[in-house]
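Topology and contacts: notes
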Amino acid sequence: MKEICHFKTIDYVICFPDDYSPDKKYPLLIYLHGAGSRGGDISIVSDAVTGPIGEINRGHKLPFIIAAPQCNVKMWFEISETVLGFIDMVAARPDVDRTRVYLSGTSMGGYACWYFAMFRADLFAAILPVCGGGLPAFASYLKGLPVWAHHGALDNVVDVNESLAMVRQLRRLGSEVRLTIYPDREHDSWVPAFADPEVYTWLLTHRRD
């Protein structure tokens, strides 16, 4: 089941697992798309061929509620207050398991994943940034938050060193961090990342107290 909804100035897609019941609680995966899906046509997000919604559209079964807002300006950071409000709103749904809330994003959304996790590090059980970059100088805000980053070694849009810098700093801080670098991938590391069942298994192994 998939619905198109509205929050303040943005539209978003929300997908429900096959066994959905409003009386049950489900893990929540919030997904922030890349620059190619921004705009005012929410069908671009709903009908995506990439990311977790793309996997659902290909018939794969994912045991999450998946919420994906659409960026209607140039960059996610321009609507930071709205996005943070959206994150809090969707995480507060009565059908969401608050111990299993996850954040992911690709490219522009990968940057946003690192960024917004710093503001809500106490909310997320784990994050999954793909071909994005963060702010190593402020990595301490993410200390203790499990991370699995993905990047293509041949990426000529977002340099792989963007992910490497964040991962190295978090490891220095003692955080649980995984990094997958695809040696033959350019700026499309989201393809193997979200097609990998282990990604979703890994997310679900993490809970917040």
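Check the entry above for the structure.
Structure report, in brief. (Residues numbered from 1 in each chain as written. Predicted model: local features only at pLDDT ≥ 70, side-chain atom pairs only at ≥ 80, totals over all residues. Heavy atoms only, no water.)

1. So, the state of the cysteines
Defined simply, a disulfide is a covalent bond joining two cysteines at their sulfur atoms. One pass over the full model with this rule turns up zero disulfides. Of the cysteine sulfurs around Cys131, a residue in no disulfide, the closest is that of Cys113, at 11 Å. Take Cys131: its relative accessible area is 0%, and that puts it in the buried class. (Disulfide = S-S within 2.5 Å. Buried < 20%, exposed > 50% of the residue type's maximum accessible area, 1.4 Å probe, protein only.)

2. So, unusual backbone geometry
One non-glycine residue, Lys8, adopts positive backbone phi at about 50°. Positionally, Lys8 belongs in the loop between β1 (2-7) and β2 (10-15). Overall, the relative accessible area of 54% leaves Lys8 in the exposed class. Located in the positive-phi region is Ser107, a residue other than glycine, with phi close to 55°. With respect to the helices and strands, Ser107 occurs in the loop between β5 (96-106) and α4 (108-119). (Helix = DSSP H or I, 4+ residues; strand = E, 2+ residues; numbered from the N terminus.)

3. Observations concerning the pairing of β2
Most of β2 is tucked away, with five of its six residues classed as buried. Of the pairings in the sheet, the one linking β2 to strand β4 (residues 65-69) comprises four bridges and is antiparallel in character. From the neighbouring strand, Cys15 faces β4, where its bridge partner is Ile66. (Pairing = 2+ DSSP bridges.)

4. Some thoughts on helix α5 (residues 160-172)
Taking 1.5 Å of rise per residue, 13 residues should cover 18 Å, and α5 covers 19 Å from first to last C-alpha, within 8% of that figure. Within the sequence span of α5, burial applies to Val160, Ser163, Leu164, Met166, Val167 and Leu170. Buried residues along α5 cover an arc of 165° about the axis, so they all sit on one side. Two residues or fewer past α5, Gly174 is found with a positive phi of approximately 85°. (Expected span 1.5 Å × (residues − 1). Arc of directions from axis to C-beta.)

5. Here we look at the environment of Pro63
For Pro63, the position within the fold is in the loop between α2 (51-57) and β4. Measuring from C-alpha to C-alpha, the distance between Pro63 and Leu28 comes to 9.0 Å, with 35 residues separating the pair along the chain. In contact with Pro63, other than residues within four places in its own chain, are Pro17, Pro27 and Leu204. (Contact = heavy atoms within 4.5 Å.)

6. Things to note about the sheet that holds strand β7 (residues 147-152)
Taken in spatial order, the eight strands make up an open sheet running β1-β2-β4-β3-β5-β6-β7-β8, and their pairing is mixed. The sheet is open, and its two edges are formed by β1 and β8 (177-182), each paired on a single side. Taken pair by pair, the neighbouring strands of this sheet meet at an average axis angle of 20°, ignoring direction. As paired elements, strand β3 (residues 26-32) and β5 share six bridges and run parallel to each other. In the sheet register, Ile30 faces β5, and the bridge partner there is Leu103. Helix-sheet contacts for α4 involve β3, β5, β6 (126-130) and β7, and the interaxial angle to β5 is about 140°. (Axes fitted to C-alpha atoms, helices over the stretch in contact; angles between N-to-C directions.)

In short, the description is geometric, and any link to function would need to be established separately.
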